Every structure is written in structure tokens, then in C-alpha cells.
Amino acid sequence: MKPARDRARAERRGRIGETAAAWWLRLKGWRILDRRVRTPVGEVDLVARKGALIAFVEVKHRATDADLDHAIDMRRLARVAAAADYLMSHYAGPGDDIRIDVILIARGRRLRHIENAWIG
């Protein structure tokens with residue numbers, strides 16, 4: 001029974017992290033276009049716009065800063081990039097720039113925003 005409880009706790013933590021990241025982005029002038037967008041090739045936690053820039057954002061929320069060191073890797077970023085490629089025409093128009101960002105959140109630490117995390 002414990003694994004189901006752990007998954008539920010991780011799901012709650014993920015939603016809290018996504019909400020915090022969305023608010024942080026709004027405070028920085030971004031408009032949140034969508035949240036938790038699922039595609040056949042992957043999921044994007046947040047889609048945000050600031051001017052002519054569209055960011056597909058992966059959010060990782062962990063209990064400690066040390067846990068964040070292993071929260072994101074190239075395989076996970078590749079799935080976000082594949083989902084962004086799949087969704088690009090839905091969110092971006094002519095002249096828009098697109099990038100993949102990562103937001104890392106750990107209790108007691110400042111939020112870390114990694115811009116243009118995927119260069120593929």
C-alpha cells in the first residue's frame with residue numbers, strides 16, 4: 001500500500017510545485033497559456049508566453065535541494081522537447097521564438113529557473 005501513498009504524495013507535491021512555478025512566472029511577466037498538457041509523446045507541465053517567446057516548462061519539486069540534482073536528465077528533457085514539438089503549432093505563431101525551460105523547487109531554497117535547458 002505504501003507505493004500508492006508515495007505516488008499520491010509525489011502527485012500532490014508536483015501540483016504544488018507547478019502552481020508555485022506558474023505564480024513565479026506570472027510575477028516575472030509571463031502569461032500562463034496552459035498547464036499539464038499531455039501528448040502521445042510526452043507531457044509539458046506549463047506553457048507560458050512573454051512577448052514573442054513561448055516557453056515549454058518542466059517543473060520539478062523535491063523535498064531537498066540535493067534531490068533536485070537527479071530530478072532532470074536528458075531523457076526527461078527529450079520527452080518534454082518531443083511534446084513541445086508536437087504542441088508548437090498550437091501555441092506559437094509566425095515570428096514566435098520557442099524554448100524549453102526547467103524550474104526546480106526545493107523546500108527552503110530559492111526557485112531555480114533554467115532557461116533554454118534543451119538544445120537539440
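One numbering rule holds for all chains: residues counted from 1, following each sequence as written. For this predicted model, a pLDDT threshold of at least 70 governs which residues receive local features, and a threshold of 80 or more governs which side-chain atom pairs are given and counted, while totals over whole chains, interfaces and linings are taken from all residues. Based on all heavy atoms of the structure, the side-chain values leave hydrogens and waters out of the count.

## Topic: the environment of I100
Helix and strand labels come from DSSP, where a helix needs a run of H or I of at least four residues and a strand needs a run of E of at least two; each type is numbered from the N terminus. With respect to the helices and strands, the residue I100 is situated in strand β4 (residues 97–106). Here I100 falls in the buried class, since its relative accessible area comes to 6%. Spatially, the C-alpha atoms of I100 and A81 are 6.8 Å apart, while their sequence positions differ by 19 residues. Residues count as neighbours in contact if any of their non-hydrogen atoms are within 4.5 Å of one another. Filtering out sequence-adjacent residues up to four positions away, I100 remains in contact with F56, L77, V80, A81, A84, I114, E115, N116, A117 and W118. Relative accessibility under 20% of the residue-type maximum defines a buried residue, over 50% an exposed one, and the middle range a partly exposed one, all with a 1.4 Å probe and only protein chains included.

## Things to note about the nonpolar core
In this text, buried Ala, Val, Leu, Ile, Met, Phe, Trp, Tyr and Cys residues form a nonpolar core when linked through side-chain atoms within 4.5 Å. The biggest cluster of nonpolar side chains holds 15 residues, and the ones touching the most others in it are V44, V47, I54, F56, L87, Y91 and I100. Residue assignment for this core shows that the elements contributing at least two residues are β2 (42–50), β3 (53–62), α3 (74–91) and β4. The greatest single-element share of this core, amounting to 6 residues, is contributed by α3. Excluding residues within four positions of it along the chain, V44 makes contact with R35, R36, V37, F56, V57, V80, A83, A84 and L87. In terms of nonpolar packing, the next biggest core, distinct from the first, is built from 14 residues, I32, L53, A55 and I105 among them.

## Section: α3
A helix is expected to reach a length of 1.5 Å times the quantity of its residues less one. Given a rise of 1.5 Å per residue, 18 residues ought to cover 26 Å, and the 24 Å separating the end C-alpha atoms of α3 matches this to within 8%. The largest bend along α3 measures about 35 degrees and falls at D85. Every buried residue of α3 is listed here: L77, V80, A81, A83, A84, L87 and Y91. Elements in contact with the buried residues of α3: β1 (31–39), β2, β3 and β4. Axes are fitted to the seven residues ending at a residue and to the seven starting at it; the angle between these axes is taken as the bend at that residue.

By themselves, these are just geometric observations and shouldn't be taken as functional.
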